[in-house]
2 protein chains.
Amino acid sequence: MIETPYLLFLGDAPDQLAAKVAQGIKDWRPENAVGQFRMEGCKADLGLKDMDLVEAREAGAKTLVIGVANRGGVISQEWKKVLVMALEEGFDLASGLHNLLRDEPDLVAVAEATGRKLHDVRVPEVDYPIANGIRRKGKRCLAVGTDCSVGKMYTALAMDREMRERGMKCTFRATGQTGILITGDGVPLDAVVADFMAGSIEWLTPDNDDDHWDLIEGQGSLFHVSYSGVTMALIHGGQPDALILCHEPTREHMRGLPTYSLPSLETLRDTALQIARVANPDCQVVGVSVNTQHMSEADAEAYLAQVEADMGLPATDPFRFGSGKLVDALAAM
Amino acid sequence: MIETPYLLFLGDAPDQLAAKVAQGIKDWRPENAVGQFRMEGCKADLGLKDMDLVEAREAGAKTLVIGVANRGGVISQEWKKVLVMALEEGFDLASGLHNLLRDEPDLVAVAEATGRKLHDVRVPEVDYPIANGIRRKGKRCLAVGTDCSVGKMYTALAMDREMRERGMKCTFRATGQTGILITGDGVPLDAVVADFMAGSIEWLTPDNDDDHWDLIEGQGSLFHVSYSGVTMALIHGGQPDALILCHEPTREHMRGLPTYSLPSLETLRDTALQIARVANPDCQVVGVSVNTQHMSEADAEAYLAQVEADMGLPATDPFRFGSGKLVDALAAM
């Protein structure tokens, strides 16, 4: 659990895209983002107030979050200077970088001396149990994709926002690095040891109020041979009551697998539902989320109308047209 | 890779069952078992020659394998005395115990001083790649179960033996602790980090001769919610050409999950085949292996005949009636 709110460290980001983790935090949890810290030459700007460490501390920030990708897989000396000062100033540090904060002896030494925490969100910090399969109270929704990186996290976050605005009880449950930094909590599922994957998701989505929805961040795809085991554990550990199918219609093959075709939405529906009902016989597929970023608005609307007609399910692009239809479907359950 | 042959350490085993790992090595790879080492009070006996360390060394043994479960999860001082002497005598040590050899400072110190290796087969020793999904040459067979612990490893080992006897090209590919100790090599899949599960199985079953069969040890079950992600990765990483369905007809619920029923063989067939064909469109279900240990011989024969009639597939209990029918099915492909 990472202490919020954050000061977002943008470092010497070469462009706006390099700061996409910080952008995600600002977009989805603006209340967690007190300000931004930019170094000389930084080309990213979140439109937040630029703060130095003392200002951010006075504004209530508890953790400096590295919201930017580093270059060459090395935490540079220029960054280190800021990170060490932040520890001295009383901030914890949080990072989703491949190279871990805990592998930097100087940061470890200063963190120990100052009593501050180093959060590497790629690495599990909990001893998860083996899944017991016992049904839990409360409701759970999971987005499953025809492929990886088709908008599963975005869909869950957009539904979470819409449900909050409607006053529905819900919690976004992060299962990946970016989601964990956005919310300050979660399970880095792709780094969990095989035997404990499903158990980690049971741990993440415990008993809750009958009218509370966990919106579980999806990972991988049942049809992506590199990561399908992770998706399977997520479905069986999550015991979803509702599945949202996610798809990107212009993709020509499975991500990173040039000889693998995407399944149809019908195939995804049938396969995911059959698997989900092993853990939760009441599970239903309730909607379709389509990433239409590579389509014109007219094409997107026509595609969504066709999907609704073919599947008999509400279909939307939550980025372009909002997630209202998907939330309506959950509310109707 | 563990150096063979072995001296099998039975320690102070309280009964024969405690030495089941050693029994498995002796049963399936007698050529790997030079002799047994028993301490005072040992109640297990494999019928191998009792040897002290010097005798075993002279007989060619390279590794002392701990083939017995320990009591209370502690490596006792009595055991340590033998293990240290074995290192001094020039043996490597291999163990599938939960408490690791590498966590015992005295064993580590002596192993370093003597230049010997400590193999904890529960812990991966390889940095596995992420699966790339590329089709590999050679053929692969995987046993999948309606539940955990229904005889998948036994089935693969029995087929491996039968195929060797017929002069067919084959390799048993171990994916669990016992299998790894039996063969000296393999992937401890349940301990692999999620993202690398499927890749570890690709690594384990590389390109081979067109007429060579990998007999991959199954793990878990697609229908066991605690471990289904492991099974999924095994199917997609293994790219099996042939699936064997494994079942134990008297089991009343999924192992460790009292509220979960076992799927039918038909459901297992349809689900596993659909999933396997994502990675290998040519995959076929070729036979059924039934663990009939809790049935009379007449009941077992009647049950197998019924399965053959219902499924249109050869069915056998490889322990009771041999694995010939299953090997015939592979040979016919």
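Description of the structure in this document. Treat the numbers as computed from the prediction; the structure is a model and nothing was measured.

Points about the pattern of salt bridges
A complete count under the given rule lists 40 salt bridges over all chains for this structure. Here A:Asp214 ties to A:Arg140 by a salt bridge, and the two come within 3.8 Å at their closest N and O atoms. One end of the pair, A:Asp214, is in strand 8 (residues 212-216); the other, A:Arg140, is in strand 6 (residues 139-145), and 74 residues separate them in sequence. Here B:Arg164 makes a salt bridge to B:Glu31, at a shortest N to O gap of 3.9 Å. On the criterion of sequence distance, the pair formed by B:Arg164 in helix 5 (residues 152-165) and B:Glu31 in the loop between helix 1 (20-28) and strand 2 (33-38) is long-range, its members being 133 residues apart. For B:Arg164, a relative accessible area of 43% translates into the label partly exposed. One connected set of salt bridges, linked through shared partners, spans A:Arg29, A:Glu31, A:Asp160 and A:Arg164.

Here's the deal with the nonpolar core
Ranked by internal contacts, the top residues of the largest apolar core, which has 87 residues, are A:Leu243 and B:Leu243. The dominant element in this core, judged by the number of residues it contributes, is helix 9 (residues 265-279) of chain B, at eight residues. If near-sequence neighbours (up to four positions away) are discounted, B:Leu243 is found in contact with B:Leu142, B:Val144, B:Ala272, B:Leu273, B:Ala276, B:Cys283, B:Gln284, B:Val285, B:Val286 and B:Gly287. A:Tyr6, A:Ala44, A:Leu53 and A:Leu107 belong to the second largest nonpolar core, which has 69 residues in total.

Describing the sheet that holds strand 7 (residues 169-173) of chain A
Residues and elements named next belong to chain A. One open sheet accounts for six strands, arranged 7-8-6-9-10-11; its pairing is parallel. For this open sheet the edge positions go to strand 7 and strand 11 (315-316), each flanked by a neighbour on one side alone. By the bridge criterion, five bridges tie strand 7 to strand 8 in an arrangement that is parallel. For Lys-169, the partnering residue across the bridge sits in strand 8 and is His-212. Here helix 8 (residues 228-238) sits on the sheet in contact with strand 6 and strand 8, set at roughly 165° to strand 6.

The rules behind each value
Residues numbered from 1 in each chain as written. Chains lettered and ligands numbered in written order. Predicted model: local features only at pLDDT ≥ 70, side-chain atom pairs only at ≥ 80, totals over all residues. Heavy atoms only, no water. Salt bridge = Lys/Arg side-chain N within 4 Å of Asp/Glu carboxyl O. Helix = DSSP H or I, 4+ residues; strand = E, 2+ residues; numbered from the N terminus. Buried < 20%, exposed > 50% of the residue type's maximum accessible area, 1.4 Å probe, protein only. Core = buried A, V, L, I, M, F, W, Y, C linked by side-chain atoms within 4.5 Å. Contact = heavy atoms within 4.5 Å. Pairing = 2+ DSSP bridges. Axes fitted to C-alpha atoms, helices over the stretch in contact; angles between N-to-C directions.

Read these as layout, nothing more, since geometry by itself doesn't imply function.
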